[in-house]
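Structural description and commentary
Listed below are the residues making up each chain.
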Amino acid sequence: MRRWIGALGAVAAALALAACGQGGAADAEGGELRIYNWSDYIDPELLAEFTRETGIKVRYDTFDSNEVLETKVLQGATGYDLVVPSNHNVPRYIQAGALQKLDKSRLTGLAALSPDTLRHMQPFDPGQAYTVPYMQGTIGIGYNADAVAKRGVSMDSWKAVFDPANLAKLQDCGVYFLDASEDMYAVALHYLGKDPNSANPADYAAATDMLLKARPYVRKFHSSEYIDALANGDICVAIGYSGDVLQAADRAEEAKNGVTIAYVIPKEGTQVWFDVFALPADAPNPAAAYRFLDFMLRPQVIARASNYTHYANGNAQATALLDPDVRDDPSVYPPADVAQRLFVTTTKDQALLREVNRQWTRVLTGR
Ligand code: N2P
């Protein structure tokens, strides 16, 4: 059984070990690679292995929202060699000139990518000119099975978290929502029967009304703390990302604390997203970034990343190498009938994005 608890500490420890192992050779041979990735999104052992193999030291920082990442990357001078935006953000990065085009001759593993993932990439990165897929997953509901059963709330619909009558029953055991404006509006619009990719501010206003009515029952808006909060039994419900909830389930199981965490894709359907590696235009060490991308494109490596994070990857040759409990988990690889109910978000222009973020601030502040 993998250890999840203290994963961040484990990242630091693994990197420190790897750096010690290489000594000065790491600096002399490969220099440093700076990665900015989502939290709870890598097996630290893979980073250590990359350093052992290449002599390239990895500095690995994390974020938990596209909004934070995008603001940083669009400002430039991040110092990062690789960043990991989601599909709907990528066109704005490209338009702003914030990314460099891939030199595909430096990536030997691209042929292993699944045609399905490549098809999904077309709308946001035509011809796969700028990005390399990392992980894909869904937004759904993570919950403490016993706590919600006791309160008589059925979790199979978005109603569980968007209907104040249900939320009132769950409030005492604790509800978290993601603090992610575009992701939250996409699922809220979809639940309201509106286009999740609507460009009409009035649709967002309707979703804002609904979210403002839910707000009094939401203990916290946060995009990563729900993992431990669910696992420890501090909260009973979170709108969250699939693999993060599955990691919470593992952490609870590991802690043997009597908490059982489940993940559900509500029957109305949800958003499936694609997170991709990209090189900022001013990346200080592109050579190191290419080495890392090539490493992550290896089926054995990306399979281990999925085994650890419980997110699906877009590498066709990796599927056979996955742990069966990950490969066969419908929350990781949704079956065809569920896949039919998944939608992909498209990009918003800056004006609409500003409006959506303005409305989201109202949801966060309640004003
Ligand atoms: C990882 C969450 C990644 C999902 N913790 C958001 N695209």
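Residues numbered from 1 in each chain as written. Predicted model: local features only at pLDDT ≥ 70, side-chain atom pairs only at ≥ 80, totals over all residues. Heavy atoms only, no water.

Here's the deal with the site of the ligand
All residues in the neighbourhood of the ligand are listed as Trp38, Ser39, Tyr41, Ser86, Tyr241, Asp244, Trp273, Asp275 and Tyr311. Separating a nitrogen atom of the ligand from a side-chain N or O atom of Ser86 is a distance of 3.4 Å. Within the complex, 99% of the 260 Å² of free accessible area of the ligand lies under protein. Its residues assigned to classes, the shell around the ligand shows 5 nonpolar, 2 polar and 2 charged. (Near = heavy atom within 4 Å. Polar contact = N/O pair within 3.5 Å; in protein donor to acceptor, adjacent residues only side chain to side chain. Areas by Shrake-Rupley, 256 points an atom, 1.4 Å probe, with all protein chains shown as cover. Nonpolar A, V, L, I, M, F, W, Y, C, P; charged D, E, K, R; others polar.)

Notes on the state of the cysteines
One way to say it: the disulfide is the covalent bond shared by the sulfur atoms of two cysteines. A full pass over the atoms with the stated rule returns 1 disulfide. The residue that forms a disulfide with Cys173 is Cys236, at a sulfur-sulfur distance of 2.0 Å. The disulfide joining Cys173 to Cys236 has a torsion of about 65° about its S-S bond and is therefore right-handed. Residue Cys173 is located in the loop between helix 9 (164-170) and strand 5 (175-177), and its partner Cys236 is located in the loop between helix 12 (226-231) and strand 7 (237-241); the two are separated by 63 residues in the primary sequence. (Disulfide = S-S within 2.5 Å. Helix = DSSP H or I, 4+ residues; strand = E, 2+ residues; numbered from the N terminus.)

A word on helix 14 (residues 286-296)
Counting along an α-helix, one turn takes 3.6 residues, and residues three or four places apart therefore face a common direction. Of all 11 residues in helix 14, 8 are buried; the element is thus mostly enclosed. The complete set of buried residues in helix 14 reads Ala288, Ala289, Tyr290, Phe292, Leu293, Asp294, Phe295 and Met296. Packed against the buried residues of helix 14 are strand 1 (32-38), helix 3 (44-54), strand 3 (82-83), strand 4 (131-144), strand 9 (270-278) and helix 15 (299-309). (Buried < 20%, exposed > 50% of the residue type's maximum accessible area, 1.4 Å probe, protein only. Contact = heavy atoms within 4.5 Å.)

Some thoughts on the packing of helix 11 (residues 201-214) against helix 18 (residues 350-365)
Interhelical geometry of helix 11 versus helix 18 gives an angle of 15° and a closest axis separation of 9 Å. When the axis of helix 11 is compared with that of helix 18, the two are roughly parallel. Viewed along their axes, helix 11 and helix 18 form a crossing whose handedness is right-handed. Seen from helix 11, the contacting residues are Pro201, Tyr204, Ala205, Thr208, Leu211 and Leu212; seen from helix 18, they are Leu352, Glu355, Val356, Gln359, Trp360, Arg362 and Val363. Residues belonging to the contact of helix 11 with helix 18 are distributed by class as follows: 9 nonpolar, 2 polar and 2 charged. (Axes fitted to C-alpha atoms, helices over the stretch in contact; angles between N-to-C directions. Parallel < 35°, antiparallel > 145°, perpendicular 65-115°, else oblique. Left-handed = near helix turned anticlockwise from the far one by under 90°.)

A short note on the nonpolar core
Core analysis: the biggest nonpolar cluster contains 117 residues, and Tyr134, Phe162, Phe177, Tyr226, Val237, Phe292 and Met296 have the highest contact counts within it. Of all the elements, helix 14 adds the most residues to this core, at 7 residues. Both domains that furnish three or more residues to this core are identified here as domain 1 (4-136 + 275-332) and domain 2 (138-271 + 340-365). Those residues within four positions of Met296 in sequence are excluded, and the remaining contacts are Ile42, Tyr134, Phe277, Val301, Ile302 and Ala305. (Core = buried A, V, L, I, M, F, W, Y, C linked by side-chain atoms within 4.5 Å. Domains from an automatic or database assignment.)

Quick notes on the pairing of strand 9
The buried fraction of strand 9 is high, at 9 of 9 residues. Two strands pair when backbone bridges link them, and strand 4 and strand 9 are joined in this way by 6 bridges, in the antiparallel orientation. From the neighbouring strand, Gln136 faces strand 9, where its bridge partner is Phe274. As defined by bridge partners, strand 9 adjoins strand 11 (residues 342-343) across 2 bridges and the pair is classed as parallel. The residue of strand 11 that forms the bridge with Thr270 is Leu342. (Pairing = 2+ DSSP bridges.)

Examining the packing of aromatic side chains
Following the criterion strictly, the structure yields 20 aromatic pairs and no others. Between the aromatic rings of Trp38 and Tyr241, the centroid separation amounts to 5.9 Å while the plane-to-plane angle is 75°, which identifies the pairing as edge-to-face. Of this pair, Trp38 sits in strand 1 while Tyr241 sits in strand 7; the two residues are 203 residues apart in sequence, bridging distant segments of the chain. Measuring from ring centre to ring centre gives 5.5 Å for Phe162 and Tyr191, while their planes differ by 40°; the resulting arrangement is tilted. Of this pair, Phe162 sits in helix 8 (residues 159-162) while Tyr191 sits in helix 10 (residues 181-191), placing them 29 residues apart in sequence. (Phe/Tyr/Trp six-rings, centres within 6.5 Å; stacked < 30°, edge-to-face > 60°.)

Structural notes on the side chain of Ser306
Its place among the elements puts Ser306 in helix 15. For Ser306, a relative accessible area of 0% gives the class buried. Contacts of Ser306, omitting those with residues within four sequence positions, involve Met135, Tyr311, Ala312, Asn313, Leu322, Val326 and Tyr333.

Details of the pairing of strand 7
For strand 7, the tally of buried residues reaches 5 of 5 residues, placing the bulk of the element in the interior. Examined bridge by bridge, strand 4 and strand 7 share 5 bridges and lie antiparallel to one another. Its bridge partner lying in strand 7, Gly142 is registered against Ala238. As defined by bridge partners, strand 5 adjoins strand 7 across 2 bridges and the pair is classed as parallel. Residue pairing for strand 7: Tyr176 is matched across the bridge by Ala238.

Some details on the domain arrangement of the protein
Per the domain assignment, the segments of the protein are domain 1 (4-136 + 275-332) and domain 2 (138-271 + 340-365). Centre-to-centre, using C-alpha coordinates, domain 1 lies 26 Å away from domain 2. Taken together, the contacts link 23 residues of domain 1 with 29 residues of domain 2. In this assembly, domain 1 and domain 2 are joined by 2 salt bridges. For the salt bridge of Glu182 with Arg92, the shortest nitrogen-to-oxygen distance reads 2.9 Å. Where domain 1 touches domain 2, the interface holds 13 residue pairs in polar contact (both at pLDDT 80 or more). Those elements that provide at least two residues to the side of domain 1 that touches domain 2 are helix 4 (66-75), helix 5 (90-95) and helix 15. Broken down by element, the side of domain 1 that touches domain 2 gets its largest block of residues, 3 residues, from helix 4. Tallied by class, the residues present in the side of domain 1 that touches domain 2 amount to 8 nonpolar, 9 polar and 6 charged. (Salt bridge = Lys/Arg side-chain N within 4 Å of Asp/Glu carboxyl O.)

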